[in-house]
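Secondary and tertiary structure notes
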Amino acid sequence: MVAQEYTVDLNKPLVFQVGHLGEAYQEWVHQPIVSKEGPRFFASDFWESLTRTVWWAIPSIWLPVVCFSVSRSMKMGHTLDQVALIVVTGIFIWTLMEYTLHRFLFHINTKRYWANTAHYLLHGCHHKHPMDGLRLVFPPAATAILLFPFWNFVKLISTPTSAPALFGGGLLGYVMYDCTHYYLHHGQPAKGVAHNLMRYHLNHHFRIQDKGFGITSALWDRVFGTLPP
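Residues numbered from 1 in each chain as written. Predicted model: local features only at pLDDT ≥ 70, side-chain atom pairs only at ≥ 80, totals over all residues. Heavy atoms only, no water.

1. Let's talk about the environment of H78
Inspection of the secondary structure assignment puts H78 in the loop between α4 (57-75) and α5 (80-105). Along the sequence, H78 and T161 sit 83 residues apart, while their C-alpha atoms lie 7.7 Å from each other. (Helix = DSSP H or I, 4+ residues; strand = E, 2+ residues; numbered from the N terminus.)

Structure follows, in structure tokens:
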């Protein structure tokens, strides 16, 4: 007997289907469907709601946290110039995290059921439906969970007085990344830096998906040799 290939039904919730694709999952998920209408992930309305996020929720929720964190370092005695330098350092650290996560985690090769399922939820859905406007930014609930290990990492590499501002800078870098990412998919820049970034990122989606991992810049692609030709 010859095993029949599994076929995903796009009219049904996808999350618990994609794992059955096995080794065919990677090929399937990197064949994009260009539509602003996103698929349904879960049969449950509650879990489905957690996967959809409007882009403006990101700055609305996290910029106040950035301001609070930065103000804590100022209250601890740092000058405005010092805090500004620490915040810029935090943004710089985020750009490396952005590249590293995108290259080594978001584009990890999977073939087993639960690994495929996790990858689809994390990033595969974005490559399959790159124009889904409600799944372009990271859900705030998931971000809140990830901020705990990030805060512990920041405390390890900084002083008690600089840690809040460094944390705020990293979080600001994330906000800039998510808003930029949304704009690169749904904005219409005619020229300049934004236009070049859009071309660069859409090239990653539609032409060379194993290169061009930077979103806010091509800096780390140049450093680590993943700049697309």
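2. What about the state of the cysteines?
Under the criterion given, the structure shown has zero disulfides. Cysteine C67 shares no disulfide, and the gap to the nearest cysteine sulfur, in C179, comes to 14 Å. Looking at C67, the relative accessible area reads 53%, which means it is exposed. (Disulfide = S-S within 2.5 Å. Buried < 20%, exposed > 50% of the residue type's maximum accessible area, 1.4 Å probe, protein only.)

3. Section: a nonpolar patch on the surface
A contiguous nonpolar patch, built from F92, L96, L219, V223 and F224 and spanning about 440 Å² of accessible area, is present on the exposed surface. Relative to the helices and strands, V223 resides in helix α10 (residues 219-224). (Patch = residues over 30% accessible without salt bridge, like charges linked within 9 Å, V, L, I, M, F, W, Y side chains within 5 Å. Areas by Shrake-Rupley, 256 points an atom, 1.4 Å probe, with all protein chains shown as cover. Salt bridge = Lys/Arg side-chain N within 4 Å of Asp/Glu carboxyl O.)

4. Focus: the packing of α5 against helix α8 (residues 163-186)
Angle between the axes and distance between the axes are the two parameters that describe a pair of packed helices. Running from N to C, α5 and α8 point in directions that differ by 50°, and their axes come no closer than 7 Å. Judged on the interaxial angle alone, α8 and α5 are oblique. Read as a crossing pair, α5 and α8 show a hand that is right-handed. In this structure, α5 uses V83, I86, V87, T89, G90, I91, I93, W94 and E98 to contact α8, whose residues at the interface are A165, L166, G169, G170, L172, G173, Y174, M176 and Y177. (Axes fitted to C-alpha atoms, helices over the stretch in contact; angles between N-to-C directions. Parallel < 35°, antiparallel > 145°, perpendicular 65-115°, else oblique. Left-handed = near helix turned anticlockwise from the far one by under 90°. Contact = heavy atoms within 4.5 Å.)

5. Describing helix α6 (residues 113-128)
Given a rise of 1.5 Å per residue, 16 residues ought to cover 22 Å, yet the end C-alpha atoms of α6 are separated by just 17 Å, more than 12% below that figure. In the structure, α6 departs most strongly from a straight axis at L121, where the bend amounts to approximately 65°. Listing the buried residues of α6 in full gives N116, T117, H119, Y120, H123, G124, C125, H126, H127 and K128. (Expected span 1.5 Å × (residues − 1). Bend = angle between axes of the 7 residues up to and from the residue.)

6. Topic: the side chain of D178
Along the polypeptide, D178 turns up in helix α8. Salt bridges are absent for the buried D178, whose nearest opposite-charge side chain, R135, sits at 13 Å. Those residues within four positions of D178 in sequence are excluded, and the remaining contacts are I58, L136, V137 and F138. (Lys, Arg positive; Asp, Glu negative; His and termini not counted.)

7. A short note on the UniProt feature "domain: Fatty acid hydroxylase" (unreviewed entry) in the protein chain
According to UniProt, the positions carrying the feature "domain: Fatty acid hydroxylase" (unreviewed entry) are residues 88-226. As annotated, residues 88-226 has a helix share of 70% and a strand share of 0%, and its two end C-alpha atoms lie 25 Å apart. (UniProt positions renumbered as here; feature names shortened; annotations may be inferred.)

8. So, the UniProt feature "transmembrane region" (unreviewed entry) in the protein chain
UniProt feature "transmembrane region" (unreviewed entry): in the numbering of this structure it lies at residues 54-71, 83-101 and 136-154. The span residues 54-71 is 83% helix and 0% strand, and its two end C-alpha atoms sit 28 Å from each other. Counted over residues 83-101, helix gives 100% and strand 0%. Its end C-alpha atoms are 26 Å apart.

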